[in-house]
Structure formats: structure tokens, C-alpha cells
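# Fold and contact review
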Amino acid sequence: TGPGTTSNITDILTGRCEEYRKCLLGEPCLPFYRNVKCRAAVESFFKGIRNMDPCATPDNAYDEFLNMVPPTTVRGTTMFWSGVMGNNIPQDVAQVTPEFSVLEETFPGYMAGNLSWCGATDGDGTGLGLNFTVCPTWTSETCPNNTKAAFWARASKMLATQAVGDVYVVLNAQRAGGAFNNGSIFATIEAPNLNQDVVTNVAIYLIPDFTLPIPNEMYRETCTNGSVLYLQNFLMNMNFNVTCEENPKEIMWLQCARFANSPYCGPYAKGTPVV
Ligand code: CV1
């Protein structure tokens, strides 16, 4: 199990909602959002999960909420990521690069980012129907449909469905089991929901895993082997244009700013890194 519901989550969600709708964040700011009623939005966020078993969240639990504050991104900027959670790199790059937008920068993603929450069937004295003590870890195989996973899955689906123009996906070349993980949200929900008629290119950005204590070259995929090659074929079979880049400078600059001594950085890093 993981941490319970974040204390004061209602206030946090309400505050973030107000920030977002008032365009205080430098994110794309739609007239539509200005009229969001934050109290009602937060209420609908909890509506489908209060007093519910946190491992039996209905697929549509957040539909009302997500229809009030749907994720939207500017054409040609939508960035997906998978297997690179450890260092927040795509989120941080997207934050300072107007050319990229990730789910965490959209209205629902911003509201829910870095929070923990889940329902509780027995209540725990707060009257909110949420468990403030523990929540299931959402990667758990015994609890696949948990409160939080259901949220990100649904929000991710909407993000992919509305994406237009060039899209991007950042993958970890050294992810155990392959950079393109079959069970990931990207593989199961985002890629299949991209629209062939409006997405002009899928750019795969393959980055090394800077969080590894010792870079393991043995398990480093390239654009021309392993699961990344599989992903390219999968996307091309869906009629998408696909490009793939290893160590793309658009992402690496931030990685290298943070891990300046990495063998993947510096003038000799392009191509075969010296490890
Ligand atoms: N997405 Br905190 C998915 N999972 C998220 C997101 C998020 N925005 N935010 C968080 N998580 P993995 P993936 C948590 O690295 O392909 C969206 C979840 O606990 O395998 O499954 C994004 O749009 C999840 O288990 O990536 C992104 O494009 C873990 O972080 C895609 O879905 C990420 O798991 C990434 O999901």
C-alpha cells in the first residue's frame, strides 16, 4: 500500500482549480475554463469514488469531472511519456518549453498532480468517504482498477483523443523489459486513441535513464531494435508517420543540466556514449 489521501485535498484541488481557470499559470487558457465552478468541479472529482472500494473504481467515475475540465493541448505540442517517472524530466521540460505540453499541465492533470487519494468503504471519521491512512499502490496487480489509476487512465485517454498535429513520446531506453512497455498507459490507452486523421507525426524521443547508479549499456535500446522498433511498426501499421531520435537535444539539455557529469552528456556523448 501507499500513502493515504493527501490531507486537505479538497482545499488543494479547489485552489489549483482557481489558479488554472484564472490563467495564473502560463498554460493555454481557454475562455471555456474561465467559467468553471471550482466547488462543483471538486465535488464531481470525488463523487464517483466516495465510500467506494478503492480497487473497484468504475471506468466512468471521473467522467463528469473530466467533462467539466477536459484536458486540452495546443496543436503540435502534445507530449506523452512512459517509463521515465523517476526524474520528472518530461514534465519539467514541458514546463519551460512552450513547444511541448504534458497531461500534468492540463487542467485536470494540474489539479491532481502529485496528490494521493482513494475511497474508503468504512469511512474513517472524516465523513468524506476517503481513506486518509492508506491507499493501494496503483501499480499493484491485485488492485488494477484503483482510484488513482482509473483517473490517470481516463484523463490520458482524453488527452490522446484530442491531440492534433505532431505528437511526441518520451521513452526510457533502459527501462527493464523494454522502453515500450506493453502494459503501460501509453501502450494500452494513449497510442491506441491517437486519431489517424489529425495526427501528422509521432516523434519517439528515446532518452537514457539518468537515475541508474551505473548506466547499463547492455539493456539500452535504440531506435532500430527491441521494443522501440516494435512500437514504430505498430504505429506505422496504424498509418501514422513515425520518427525516432536517440538522446534528443530537446530533452537531453535538462537531463544534462541536472546530471552534468553523465557519460551521456558533453561533446563526446552523441552516438556511442563512453561509459
Ligand atoms: N500518465 Br503520477 C500516466 N501515469 C501517471 C501520470 C500520467 N500523467 N501521472 C502520474 N502517473 P509509466 P505510463 C503515475 O511510466 O505509460 C499519463 C501512474 O502511477 O509506465 O503507464 C501521461 O500522459 C503510472 O503508473 O507510464 C503519460 O503519457 C505511472 O505514474 C502516460 O500516461 C507511470 O507509469 C504515462 O503512463
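Scroll up to find the structure this text is about.
In this report, we go over the structure that sits alongside the text. (Residues numbered from 1 in each chain as written. Predicted model: local features only at pLDDT ≥ 70, side-chain atom pairs only at ≥ 80, totals over all residues. Heavy atoms only, no water.)

With that out of the way, let us pick up the environment of G76. Checked against the element boundaries, G76 lands in the loop between α4 (63-68) and β2 (79-82). C-alpha separation for the pair G76 and I251, spaced 175 residues apart in sequence, amounts to 16 Å. Not counting residues up to four positions away in its chain, the partners in contact with G76 are E99, V164, G165, D166 and Y168. (Helix = DSSP H or I, 4+ residues; strand = E, 2+ residues; numbered from the N terminus. Contact = heavy atoms within 4.5 Å.)

At a closest axis distance of 9 Å, the pairing of helix α1 (residues 9-21) and helix α3 (residues 38-47) adopts a crossing angle of 130°. Classed by the angle they form, the pair α1 and α3 counts as oblique. Judged by the sense of rotation from one axis to the other, the crossing of α1 with α3 is right-handed. Only C38, V42, F45 and F46 of α3 make contact with α1, whose side of the interface consists of I9, T10, L13, T14, C17, E18 and R21. When its residues are assigned to classes, the contact of α1 with α3 shows seven nonpolar, two polar and two charged. (Axes fitted to C-alpha atoms, helices over the stretch in contact; angles between N-to-C directions. Parallel < 35°, antiparallel > 145°, perpendicular 65-115°, else oblique. Left-handed = near helix turned anticlockwise from the far one by under 90°. Nonpolar A, V, L, I, M, F, W, Y, C, P; charged D, E, K, R; others polar.)

With eight of its nine residues buried, strand β5 (residues 199-207) lies for the most part within the structure. Considered for its hand, the β-α-β crossover made up of strand β4 (residues 165-172), helix α8 (residues 185-190) and β5 is right-handed. Pairing of β5 with strand β6 (residues 242-246), which is carried by five bridges, proceeds in the parallel orientation. Counted as the bridge partner of I204 is C244 from β6. (Buried < 20%, exposed > 50% of the residue type's maximum accessible area, 1.4 Å probe, protein only. Right-handed = clockwise from strand over helix to strand, strands pointing away. Pairing = 2+ DSSP bridges.)

Moving on: the state of the cysteines. Under the defined criterion, the tally for this structure stands at six disulfides. Here C118 pairs with C135 through a disulfide, and the sulfurs are 2.2 Å apart. Residues C118 and C135 share a disulfide whose torsion about the S-S bond is about -90°; that sign makes it left-handed. Here C118, found in the loop between α6 (107-112) and β3 (134-135), pairs with C135, found in strand β3; they are 17 residues apart in sequence, far enough to count as distant. Side by side, C118 and C135 carry an identical accessibility label, which is buried. Linked covalently through their sulfurs, C256 and C265 form a disulfide whose S-S length is 1.8 Å. (Disulfide = S-S within 2.5 Å.)

On to the environment of A40, then. Assignment of secondary structure puts A40 in helix α3. As a C-alpha pair, A40 and P28 span 12 residues in sequence and 22 Å in three-dimensional space.

Turning next to the sheet that holds β2. Read from one edge of the open sheet, four strands run β2-β4-β5-β6, paired in parallel fashion. In this open sheet, the two edge strands, each paired with only one partner strand, are β2 and β6. Neighbour-to-neighbour, the strand axes of this sheet turn through a mean angle of 20°, independent of strand direction. One ladder, built from four bridges, connects β2 with β4; its direction is parallel. Across the sheet, residue F80 finds its bridge partner in β4, namely V169.

Put simply, helix α5 (residues 89-96) and helix α10 (residues 249-258) touch, their axes get as near as 10 Å, and they point 110° apart. Comparing their axes, α10 and α5 come out roughly perpendicular. Listed contacts from α10 to I89, D92, V93 and V96 of α5 are E250, I251, W253, L254, Q255 and R258. Taken together, the residues of the contact of α5 with α10 sort by class into six nonpolar, one polar and three charged.

Time to look at the nonpolar core. If you look at the biggest cluster of nonpolar residues, it comprises 53 residues, and the most contacted ones within it are F45, Y62, W117, F151 and L194. Examining the composition of this core, we find that six residues originate from one element, helix α7 (residues 147-162), more than from any other. The residues touching F151, leaving out its near neighbours within four places in the chain, are F45, Y62, F65, L66, P108, A112 and W117. Within the second largest apolar cluster, 19 residues are counted, among which are V84, Y168, V170 and Y205. (Core = buried A, V, L, I, M, F, W, Y, C linked by side-chain atoms within 4.5 Å.)

What is shown is where atoms sit, not what they do.
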